[in-house]
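Working through the structure, step by step
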Amino acid sequence: MKVLVVGSGGREHAIAWHLRRSGATVVVAPGNAGTGALNAPVQALDIDGLVDLAKNERVDLTLVGPEAPLAAGLVDRFAVEKLTVFGPTRAAARLEWSKAWTKDFLGRHGIPTAAVETVGSREEAHHAIERRGLPLVLKADGLAAGKGVFVVSTPAEVDSALHMLFDGLGEKTILVEECLEGPELSVLAFSDGQTLRVMPPARDYKRLLDGDHGPNTGGMGGYTCPSDATQELLADVEQRILRPTLEGMQREGHPYQGVLYAGLMLTRDGPKVLEFNCRFGDPECELILPLLETNLAEICLAAASGELGHVGVDWRDDRTYGVVLAARGYPDAPRTGDTITGLDGIPARVFGFHAGTRLADDSRLVTAGGRVLTLVGEDWHMVYRGARAVHFDGKQFRGDIGVEIPEGIGASR
Ligand SMILES: Nc1ncnc2c1ncn2[C@@H]1O[C@H](COP(=O)(O)OP(=O)(O)O)[C@@H](O)[C@H]1O
Ligand SMILES: [Mg+2]
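**Description of the packing of helix α7 (residues 122-132) against helix α8 (residues 155-168)**
In helix packing, the relevant descriptors are the interaxial angle and the interaxial distance, both defined with respect to the helix axes. Where α7 meets α8, the axes come as close as 11 Å, and the angle between the chain directions of the two elements is 145°. Here α7 and α8 pass one another in a crossing that is right-handed. Residues Arg122, Ala125, His126 and Ile129 of α7 form the contact with α8, whose participating residues are Val158, Asp159, Leu162, His163, Phe166 and Asp167. Here the residues of the contact of α7 with α8 are counted per class, giving 5 nonpolar, 2 polar and 3 charged.

Structural data, given as structure tokens:
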């Protein structure tokens with residue numbers, strides 16, 4: 001089996017690693033230094049280039065890491081070209097690329113989520129905010145790479161958030177949303193449009209610094225199977241959120257095939273949807289895949305042909321921890337080009353998934369992005385031993401990933 005993996009982060013390194021472990025031949029476009037020998041120089045948004053690559057390499061299956069090519073219609077185009085791809089069509093990926101549409105969808109299907117008003121101007125926003133009272137959450141409708149959500153509790157915060165949304169991001173539509181409280185949880189599932197195979201749940205850490213201080217990031221790490229994600233809770237999430245979402249998408253004519261990622265808040269009234277993503281998360285993917293015992297290509301191939309119901313998906317009953325090593329200046333202005341050393345000091349049972357890495361002309365391994373490596377393992381101390389062993393100038397990482405404080409809560413709220 002030959003598989004094309006689209007993307008260049010830690011997520012795609014983990015996907016490529018898992019596929020190769022099951023004996024697949026893998027091509028990564030464009031990849032990073034961790035997937036170096038497998039890389040093809042085609043960018044993730046170059047859909048024509050990816051079609052040519054998939055044809056020239058005669059791949060059996062394509063897996064897409066990031067959301068942007070899915071929102072741009074990669075899957076629709078591959079279908080026209082009769083190329084097998086695992087992921088949602090542009091219409092199905094709307095669950096991620098339009099938060100306003102998704103809130104309407106959730107409402108139509110009675111799926112629990114925060115109350116919302118969708119507004120099209122600053123003036124309407126101010127009216128909605130006055131009616132509802134602070135605190136509130138202001139959100140961009142469209143894709144914003146993690147920079148489109150503001151929890152606001154003062155008029156000054158409202159002003160700066162509206163400025164960022166309407167002027168900075170150029171949004172035409174924004175959401176004024178009820179502020180929910182509780183720990184967060186990510187629940188991901190494979191789907192072929194009808195059948196769901198739920199993955200072990202994960203909790204990620206978005207803030208740069210320990211104790212959830214500092215600026216928001218793409219994610220500084222996380223762990224799987226937090227103590228408060230009980231079997232009962234997961235059954236509830238499947239029954240009241242994931243299944244009705246799949247059924248709703250099917251009924252509305254956009255069957256959802258791909259990884260469905262529900263970002264949830266565990267409120268006192270039960271789990272509620274904060275958002276959906278239409279693909280694996282990063283770093284959730286690096287945390288979850290080491291637990292997957294079934295051949296990933298077989299799962300995705302079955303899902304792509306609507307036959308996920310015939311495939312059992314097995315998981316190891318363990319918890320993984322993942323710590324992201326970030327570059328100096330991340331997230332505002334990450335510096336690149338710093339020499340990375342010490343990878344040979346990563347303990348044997350810890351994976352070092354590459355994200356922003358590159359081989360320089362003189363074959364030094366150097367930093368090439370904000371998030372540089374994700375270290376993942378089952379033994380917390382070993383993961384941190386690896387985090388300390390790797391060196392590059394200005395390395396930043398959190399020291400409290402997966403440390404559960406009393407009440408079973410360990411992360412970003
Ligand atoms: N209704 C809400 N109430 C409280 N916090 C929220 C709410 N919606 C979002 N958040 C916070 O903002 C973060 C980002 O929001 P999310 O909808 O996941 O957008 P994105 O991941 O696209 O930036 C969430 O992880 C959560 O911490
Ligand atoms: Mg989110």
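Next comes the rest of the description.
**Some thoughts on the domain arrangement of the protein chain**
In terms of domain boundaries, the protein chain breaks down into domain 1 (2-89), domain 2 (121-172), domain 3 (184-310) and domain 4 (321-389). For domain 1 versus domain 4, the separation of C-alpha centres amounts to 23 Å. The partner domain 4 presents 9 residues to the 9 residues of domain 1 that form the contact. When the two sides are added together, the surface that domain 1 and domain 4 hide from each other amounts to roughly 630 Å², 70% of it contributed by carbon and sulfur. Inspection of the domain 1/domain 4 interface yields 0 salt bridges. Taken together, domain 1 and domain 4 are joined by 6 residue pairs in polar contact (both at pLDDT 80 or more). Classifying every residue of the side of domain 1 that touches domain 4 by side-chain character gives 3 nonpolar, 6 polar and no charged.

**Observations concerning the sheet that holds strand β3 (residues 61-64)**
Spatially, β2-β1-β3-β4 is the arrangement adopted by the 4 strands of the open sheet, whose pairing is parallel. Among the strands making up the open sheet, the edge pair consists of β2 (25-30) and β4 (85-86). Across 2 bridges, β3 lies against β4 in parallel orientation. Across the sheet, Thr62 pairs through a bridge with Val85, a residue of β4. Against the sheet, helix α2 (residues 47-56) makes contact with β1 (2-7), β2 and β3, and its axis sits at roughly 165° relative to β1, the strand it touches most.

**A short note on the site of ligand 1**
Neighbouring residues of ligand 1: 14 residues in total, closest Lys99, Lys139, Glu177, Leu180 and Glu184. Measuring from an oxygen atom of ligand 1, one finds a side-chain N or O atom of Lys139 at 2.8 Å. At a separation of 2.8 Å, a nitrogen atom of ligand 1 approaches a polar side-chain atom of Glu177. Across the shell around ligand 1, the residue classes tally to 7 nonpolar, 1 polar and 6 charged. Both domains that meet at the shell around ligand 1, namely domain 2 (121-172) and domain 3 (184-310), each give it at least three residues.

**Focus on the pairing of strand β5 (residues 116-119)**
Burial of the side chains of β5 is restricted to one face: Glu117 and Val119 are buried, whereas none of Val116 and Thr118 on the reverse face is. In this sheet, strand β8 (residues 174-178) lies alongside β5 in antiparallel orientation, the contact comprising 4 bridges. Within β8, the position partnered with Thr118 by the bridge is Leu175.

**What about unusual backbone geometry?**
Put simply, Asp282 and Pro283 share a cis peptide bond, and its omega is 25°. The residue Pro283 is located in the loop between β16 (270-277) and α10 (284-288) in this model. Between Tyr330 and the following residue, Pro331, the backbone shows a cis peptide bond with an omega angle of 5°. With respect to the element layout, Pro331 can be found in the loop between β17 (321-326) and β18 (351-354). Backbone geometry at Ala145 places phi at a positive 50°, although glycine is not the residue there. Mapped onto the elements of the fold, Ala145 is located in the loop between β6 (136-140) and β7 (149-152). Positive phi is not limited to glycine here, since Cys225 has a value of about 50°. Relative to the helices and strands, Cys225 is located in the loop between β14 (221-224) and α9 (231-251). By relative accessible area, Cys225 is classed as partly exposed at 28%.

**Looking at the sheet that holds β5**
Read across the sheet, 4 strands follow the order β5-β8-β6-β7 without closing on themselves; strand pairing throughout is antiparallel. Looking along the sheet, the strands with just one partner apiece sit at the ends: β5 and β7. Between one strand axis and the next, the sheet turns through 20° on average, direction left out of account. Where β6 and β7 come together, 4 bridges link them in antiparallel fashion.

**Considering the packing of aromatic side chains**
With the rule as written, the count across this model stands at 10 aromatic pairs. Ring geometry for Phe86 and Phe190: centres 6.3 Å apart, planes at 45°, overall tilted. Of the two residues, Phe86 sits in strand β4 while Phe190 sits in strand β9 (residues 184-192), which places them 104 residues apart along the sequence. Overall, Phe86 belongs to the buried group, its relative accessible area being 6%. On the numbers, 6.1 Å between centres and 15° between planes, the contact of Tyr223 with Tyr321 is stacked. Placement of the pair is Tyr223 in strand β14 and Tyr321 in strand β17, with a sequence separation of 98 residues.

Cut-offs and rules
- Residues numbered from 1 in each chain as written.
- Chains lettered and ligands numbered in written order.
- Predicted model: local features only at pLDDT ≥ 70, side-chain atom pairs only at ≥ 80, totals over all residues.
- Heavy atoms only, no water.
- Axes fitted to C-alpha atoms, helices over the stretch in contact; angles between N-to-C directions.
- Helix = DSSP H or I, 4+ residues; strand = E, 2+ residues; numbered from the N terminus.
- Left-handed = near helix turned anticlockwise from the far one by under 90°.
- Contact = heavy atoms within 4.5 Å.
- Nonpolar A, V, L, I, M, F, W, Y, C, P; charged D, E, K, R; others polar.
- Domains from an automatic or database assignment.
- Buried area = accessible area lost by both parts, 1.4 Å probe.
- Salt bridge = Lys/Arg side-chain N within 4 Å of Asp/Glu carboxyl O.
- Polar contact = N/O pair within 3.5 Å; in protein donor to acceptor, adjacent residues only side chain to side chain.
- Pairing = 2+ DSSP bridges.
- Near = heavy atom within 4 Å.
- Buried < 20%, exposed > 50% of the residue type's maximum accessible area, 1.4 Å probe, protein only.
- Phe/Tyr/Trp six-rings, centres within 6.5 Å; stacked < 30°, edge-to-face > 60°.

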